[in-house]
Amino acid sequence: MTTAPQTIGSRARPNPLAKLWGSLSLVFESRIGTIGFFMVAFWFALALISIVWTPYDPNASLFGQNLPPNAENWLGTDHLGRDLLSRLMQGTQVILVKTRLPNGWVIPIGVALWGVLGSLTLGTLLGLNAGYRGGWTDQIIMQIQDALIAFPRIVLYLVVIAAMGQGDLVVILAITLTGAPGVARLARSLALDIKTRDYIRAAETRGESPWYIMFVEILPNARGPLIVDAMLRVGYAIFAIGTLGFLGIGLPPPDPDWGNMVNEARRFIYTNPLAVLWPSLAIATLVIGLNLFADGLREETTRYQK
Amino acid sequence: MARFIFRSVISTIVTMFLVSLALFLLVEVGSGDITVKILGVFATPEQRASYRAQLGLDQPWYIRYLDWLVGNDWRVRSRIGHPLVAVPNPQTKELEWWAQVDGQLVRWEMREGHLFALVRQPDGSVLEQPADDQWQQTPEGKEIFWGVNTKNSAVKWVRGEGEEVYVLTSAGMRKEGDGPQQYIPLRKGLLRGDPGTSLQTGRPVSVTLFPRVRNTAILAGMAFVVVMPLALILGIIAGINEGRLVDRAISVSSLALTATPEFVTGVFLILIFGIWLKIVPAVSVFLSDRAIFENPQLLILPILTLTAVELGYIVRMTRASMVEVMNAPYIRTAILKGLPYWQVVLRHAVRNALMAPITVIMLHVNWLVGGIVVVEAVFGFPGLGSYIFDSAIFGDFNAIEAAAMLLVSIAVFTRLVGDLLYTFLNPRIRYS
């Protein structure tokens, strides 16, 4: 995984983005990984396109109600006469490329990704501390983590949303809270393994602080499994967002939500059964794509470790 | 081994305590004004304040947490001066609080400035006696009385200072004179089996929760019985045929099943079996409490949906574990020494390969719960999942907390069992 050999004494480090790409590009070595990458890339591309162009206004009732697919509306229309293709495209945005703040501002990167980033941050923070420091810190962190894992996810989502109301940030918080214990467990086991290495001894002898050792020595060496895990978590997050949308407590309007689209379409399933199919397929392909991508990545990163 | 079990049990108890605290804080402190949901948006601030006091919400959160967890009759007892007992109502069988005065069960009521004692007779009827001689003098010269009222609260009346209170009736809020100054709703506490009263229905949570739990237990239990053998067999078949067509077919379809959300699976099953083929009911319409026994085909689609959701995950798990075991040197040795292939698989590989899935399945109960909430929403099935969903939407904190604690204890308990099972199955841990 190392790139060009470094000359001794040079302080130049590879740029972190290039490093990340270095580990991600491995995925093209694997066939299923490549398939997964293109499935995910397809939805990302669609999300980016939908920012500048959708066939019609996704929230405008321009056509007849519950139309089957036709030349004008490629995927048909919903119960309010809105174009399903436009809504499907627009629905990708909130998941993957934008997050709406309560004051009306929009920040880049979607809810699913922010949620996973959140759980990754919180989880590695807890997990590295538990694994590297050990002792009481470990006991306490593991106990908190056990308590969080004991909550059935859906109960935690329901309780958080019931307590704080609907909104993009609340969904991000819910995903962060449910994801963090899993990440912490993984990060802890990685830290337990890595802290026995000689370079950690060396850093301790140099007198580096525990935080330096955790985040500069241990974390970069634990990144492979964490990245693979994060990919799977994005899938779970999209799943969770869909489920919440279906139950009617997910991402708020006006942006269409795939889960909510399924819920609306199932009420008209006699007249327009295909309307249920499109958002379902969208969720399934995106999640399968992420799964394949993660599988491919794992296959390639662990290939030489056996 | 004993040390390990001891540690697991202690850790489980601590976990449950942390969970109960976190849940209580999240639900009760985090949620907004519950009176908006119960009284509607047009209630006046006075009405809200009065109702909040009647619910005991004017007390600090840590007192309410303790009340919720271990009850408050032992705390309130010293104020009333008589032991408090919970007795079932002769008609509804729901528990009512009474004070035990000289062997008789008594409650009190204040009407037009006068105090009356309601003495319960052995046949369940109530005898009313004037009780104005029971007022207690305070140092400030007021006359006060602590008693149990007819709404199961310990209350403080002050003579001549009847508070104006608003009582919720079926026709709306009614203003009453002679109200108490302070309310402490009596409860036995979760640990003693009383989760409180549902704010949505006004009935004890324990009464309304039970049929829901039974329905869900039947649904989840049957899904489990269908899923387990099927998933393990498919996983083993895929695992011993690694890379062949059978394996590819099983792996791809289980991946597809895992990646399809429960609600999508449910909607498609309804479409295919309920609407196009019309062989099973598409929704679970419960006409009576026992509909599930009288009309078992109501369960078919929900069970199929849960099966589809769970199947993929367990198959993938078992397959991965089986593949790993089949590549182990001892399997190669067994094959090379000439054992029949099926014997190698059944006697050597399966035993080791099933260990990982079994413990993971125990952990997986949490996921199953998520599936159940969605499946019950899709089919309108009256179970624990829809109960917790409805309560969460309403903000009915007693109901959410009871249902959530039940789910958490199931999850924690199954994990404990999973841990112990793993220790028992794995000699390397058992003998260490």
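### Quick notes on the overall build of chain A
Part 1 of the reasoning: Tallying secondary structure elements over chain A gives 12 helices and two strands in all.
Part 2 of the reasoning: Shown N-terminal to C-terminal, the secondary structure of chain A runs as helices and strands in the order α-α-α-β-β-α-α-α-α-α-α-α-α-α.
Part 3 of the reasoning: For the C-alpha atoms alone, the extent of chain A along its principal axes is close to 75 × 45 × 35 Å.
Part 4 of the reasoning: Every one of the 306 residues in chain A was classed for burial, and the buried ones make up 53%.
Part 5 of the reasoning: Summarising the internal contacts of chain A: among those between residues at least 6 apart in sequence, 65% fall at separations of at least 24.
Part 6 of the reasoning: A total of about 14300 Å² of accessible surface is found on chain A, and carbon and sulfur atoms cover 65% of it.
Part 7 of the reasoning: Averaging the positions of the 23 positive and the 20 negative side-chain charges in chain A gives two centres separated by 6 Å.

### Quick notes on the pattern of salt bridges
Once their charged atoms are close, side chains differing in charge can pair, the charge on each being opposite to the other.
Residue and element names in this part refer to chain A.
Part 1 of the reasoning: Evaluated as defined, the whole model comprises 16 salt bridges over all chains.
Part 2 of the reasoning: Aspartate 78 is paired through a salt bridge with arginine 82; the nearest N and O atoms lie 3.0 Å apart.
Part 3 of the reasoning: On the accessibility criterion, arginine 82 (10% relative accessible area) is buried.
Part 4 of the reasoning: Ionic pairing is found between arginine 201 and glutamate 204, a salt bridge with its closest N-O pair at 3.2 Å. One end of the pair, arginine 201, and the other, glutamate 204, are both in helix H8 (residues 198-206), three residues apart, so they sit about a helical turn from each other.

### Let's talk about the interface of chain B and chain A
Part 1 of the reasoning: Taken together, the contact pairs 46 residues of chain B with 41 residues of chain A.
Part 2 of the reasoning: Between chain B and chain A, a total of about 3700 Å² is buried, with carbon and sulfur atoms accounting for 77% of that surface.
Part 3 of the reasoning: Counting across the chain B and chain A interface gives zero salt bridges.
Part 4 of the reasoning: At the boundary of chain B with chain A, the tally comes to three residue pairs in polar contact (both at pLDDT 80 or more).
Part 5 of the reasoning: Of all the secondary structure elements, the ones that give two or more residues to the side of chain B that touches chain A are helix H1 (2-29), helix H7 (245-259), helix H8 (262-276), helix H14 (365-379), helix H15 (384-394) and helix H16 (397-425) of chain B.
Part 6 of the reasoning: Among the elements that line the side of chain B that touches chain A, the one with the most residues is H1 of chain B, at 10 residues.
Part 7 of the reasoning: Of the residues assigned to the side of chain B that touches chain A, the class counts are 34 nonpolar, eight polar and four charged.

### What to know about the packing of aromatic side chains
Part 1 of the reasoning: Going through the model one piece at a time under the given rule, you end up with 11 aromatic pairs over all chains.
Part 2 of the reasoning: Between phenylalanine 246 of chain A and phenylalanine 263 of chain B, the ring centres sit 4.6 Å apart and the planes meet at 15 degrees, which makes this aromatic pair stacked. Taken together, the positions of phenylalanine 246 of chain A in helix H10 (residues 223-247) and phenylalanine 263 of chain B in helix H8 put the pair across two chains. The burial state of phenylalanine 246 of chain A is the same as that of phenylalanine 263 of chain B; both residues are buried.
Part 3 of the reasoning: By the ring-pair criterion, three or more aromatic residues cluster together here, those being Phe37, Phe38 and Phe293 of chain A.
Part 4 of the reasoning: Across the ring face of tryptophan 211 of chain A, the terminal group of arginine 133 of chain A is positioned such that the distance to the ring centre comes to 5.2 Å.

### Section: the domain arrangement of chain A
All names here are of chain A.
Part 1 of the reasoning: Partitioning chain A into domains gives domain 1 (26-96 + 256-306) and domain 2 (110-253).
Part 2 of the reasoning: Computed from C-alpha atoms alone, the centre-to-centre distance between domain 1 and domain 2 is 27 Å.
Part 3 of the reasoning: Each partner contributes to the interface: domain 1 provides 20 residues, whereas domain 2 provides 18 residues.
Part 4 of the reasoning: Taken together, the two surfaces of domain 1 and domain 2 that pack against each other cover about 1700 Å², and 76% of this comes from carbon and sulfur.
Part 5 of the reasoning: At the surface where domain 1 touches domain 2, the tally comes to zero salt bridges.
Part 6 of the reasoning: Across the contact surface, domain 1 and domain 2 share five residue pairs in polar contact (both at pLDDT 80 or more).
Part 7 of the reasoning: At nine residues, the largest contribution of residues to the side of domain 1 that touches domain 2 is made by helix H12 (residues 274-302).
Part 8 of the reasoning: For the side of domain 1 that touches domain 2, the residue count by class is 12 nonpolar, five polar and three charged.

### Side note on the packing of H12 of chain A against H7 of chain B
Part 1 of the reasoning: Where H12 of chain A contacts H7 of chain B, the axes come no closer than 9 Å and their chain directions differ by 125 degrees. With respect to their mutual orientation, H12 of chain A and H7 of chain B come out oblique. For the pair H12 of chain A and H7 of chain B, the crossing hand works out as right-handed. Contact residues: H12 of chain A offers Ala284, Val287, Ile288, Asn291 and Leu292 of chain A, while H7 of chain B offers Leu255, Ala256 and Ala259 of chain B.
Part 2 of the reasoning: A class-by-class count of the residues in the contact of H12 of chain A with H7 of chain B yields seven nonpolar, one polar and no charged.

What counts and how
- Residues numbered from 1 in each chain as written.
- Chains lettered and ligands numbered in written order.
- Predicted model: local features only at pLDDT ≥ 70, side-chain atom pairs only at ≥ 80, totals over all residues.
- Heavy atoms only, no water.
- Helix = DSSP H or I, 4+ residues; strand = E, 2+ residues; numbered from the N terminus.
- Buried < 20%, exposed > 50% of the residue type's maximum accessible area, 1.4 Å probe, protein only.
- Contact = heavy atoms within 4.5 Å.
- Areas by Shrake-Rupley, 256 points an atom, 1.4 Å probe, with all protein chains shown as cover.
- Lys, Arg positive; Asp, Glu negative; His and termini not counted.
- Charge placed at Lys NZ, Arg CZ, Asp CG, Glu CD.
- Salt bridge = Lys/Arg side-chain N within 4 Å of Asp/Glu carboxyl O.
- Buried area = accessible area lost by both parts, 1.4 Å probe.
- Polar contact = N/O pair within 3.5 Å; in protein donor to acceptor, adjacent residues only side chain to side chain.
- Nonpolar A, V, L, I, M, F, W, Y, C, P; charged D, E, K, R; others polar.
- Phe/Tyr/Trp six-rings, centres within 6.5 Å; stacked < 30°, edge-to-face > 60°.
- Lys NZ or Arg CZ within 6 Å of the ring centre and 35° of its normal.
- Domains from an automatic or database assignment.
- Axes fitted to C-alpha atoms, helices over the stretch in contact; angles between N-to-C directions.
- Parallel < 35°, antiparallel > 145°, perpendicular 65-115°, else oblique.
- Left-handed = near helix turned anticlockwise from the far one by under 90°.

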